[in-house]
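Observations on the three-dimensional arrangement
One letter stands for each residue in the lines below.
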Amino acid sequence: ADTGGWGVNPVGLPGDVRIRLVRHLHLLDLYAPPIARNGSTTTMRIGMRIESYSSPATTTAEIRVTDASDATIHESMVDVSVDELGQAFIEIDITWPDEVGIGEMSEGTVEVDLFYDGHLADRRSTTFVNRLVELGEGTLTVNGESHFARGAGIHHGYRFLPFDEE
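Residues numbered from 1 in each chain as written. Predicted model: local features only at pLDDT ≥ 70, side-chain atom pairs only at ≥ 80, totals over all residues. Heavy atoms only, no water.

**Concerning the overall build of the protein chain**
Secondary structure summary: the protein chain contains 0 helices and 13 strands in total. Ordered by position from N to C terminus, the α and β elements of the protein chain give β-β-β-β-β-β-β-β-β-β-β-β-β. For the protein chain, with 166 residues in total, the buried portion stands at 34%. Across the protein chain, every contact between residues at least 6 apart in sequence was considered, and the portion connecting residues at least 24 apart equals 55%. (Helix = DSSP H or I, 4+ residues; strand = E, 2+ residues; numbered from the N terminus. Buried < 20%, exposed > 50% of the residue type's maximum accessible area, 1.4 Å probe, protein only. Contact = heavy atoms within 4.5 Å.)

Shown next as structure tokens:
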């Protein structure tokens with residue numbers, strides 16, 4: 001055994017080191033954009049990319065949606081069906097008081113706990129803004145309001161920022 005370097009045993013433990021894989025699923029990516037709105041109900045599509053190391057009997061996810069003040073808006077346990085590409089999509093309806101306009105930042109958080117046969121396998125969270133952005137051929141609408149998109153920027157902190165010409 002390599003007990004002193006960065007070779008076989010990088011942590012310097014005496015003897016051979018064996019790595020035991022204890023998680024059967026790994027949640028690689030999570031996103032949750034709002035896709036539709038009807039009154040105070042917003043439909044979100046939660047997309048996950050999952051790496052599976054074995055075939056679990058049951059894969060479930062606990063989904064929690066919280067607002068900017070950390071109050072729980074939605075909580076549910078759902079069965080997860082992973083396709084051959086390792087992707088899973090879940091649509092949920094949440095009650096959100098109002099849409100967030102351009103220039104406003106009222107972020108919510110989606111937290112997903114992924115379970116393998118009833119045991120926690122992985123956990124991930126992402127933020128979202130309750131703002132519907134639709135792009136069409138030559139059109140841009142934000143919360144149903146049309147904008148002239150001469151140029152646009154996408155920024156991880158400020159989401160989608162259209163530049164209007166007035």
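**Structural notes on the side chain of His26**
Within the secondary structure, His26 is located in strand 1 (residues 25-31). Within the local environment of His26, its side chain forms a polar contact with the side chain of Asp122, the two groups lying 3.0 Å apart. Those residues in contact with His26 that sit more than four places away from it in its chain are Arg49, Ile50, Glu51, Tyr53 and Asp122. (Polar contact = N/O pair within 3.5 Å; in protein donor to acceptor, adjacent residues only side chain to side chain.)

**Brief notes about the confidence of the model for the protein chain**
This prediction gives the protein chain a mean pLDDT of 75; 69% of its residues lie at or above 70. Within the model, the stretch residues 1-7 combines pLDDT values under 50 with 10 contacts to residues more than four positions away or in other chains. (pLDDT = per-residue confidence, 0-100.)

**Side note on unusual backbone geometry**
The backbone of Asp70 shows a phi angle near 75 degrees, a positive value even though the residue is not glycine. Structurally, the position occupied by Asp70 is in the loop between strand 4 (59-66) and strand 5 (72-79). Look at Asp70 and you get exposed, because its relative accessible area is 60%. Positive phi outside glycine occurs at Asp117, with the angle close to 50 degrees. Along the chain, Asp117 falls in the loop between strand 7 (107-116) and strand 8 (119-129).

**As for the pairing of strand 6 (residues 87-95)**
Here strand 6 shows a clear split, with Ala88, Ile90, Ile92 and Ile94 buried on one side and none of Gln87, Phe89, Glu91, Asp93 and Thr95 buried on the other. In this structure, strand 3 (residues 41-52) lies alongside strand 6, joined through 9 bridges in antiparallel fashion. Counted as the bridge partner of Thr42 is Ile94 from strand 6. (Pairing = 2+ DSSP bridges.)

**Describing the nonpolar core**
Counting 24 residues, the largest nonpolar core has Ile46, Met48, Ile63, Val110 and Val112 as its most contacted members. The residues contacting Met48, other than those within four sequence positions of it, are Leu27, Asp29, Leu30, Val80, Gly86, Gln87, Ala88, Ile90 and Val112. (Core = buried A, V, L, I, M, F, W, Y, C linked by side-chain atoms within 4.5 Å.)

**A short note on the sheet that holds strand 8**
In a beta sheet, neighbouring strands are held together by backbone hydrogen bonds and run either parallel or antiparallel to one another. Taken in spatial order, the 4 strands make up an open sheet running 5-4-7-8, and their pairing is antiparallel. A single partner strand is all that each edge strand has here, and the edge strands are strand 5 and strand 8. Averaged over all pairs of adjacent strands, the angle between strand axes in this sheet comes to 15 degrees, irrespective of strand direction. Pairing of strand 7 with strand 8, which is carried by 10 bridges, proceeds in the antiparallel orientation. Across the sheet, residue Leu114 finds its bridge partner in strand 8, namely Asp122. (Axes fitted to C-alpha atoms, helices over the stretch in contact; angles between N-to-C directions.)

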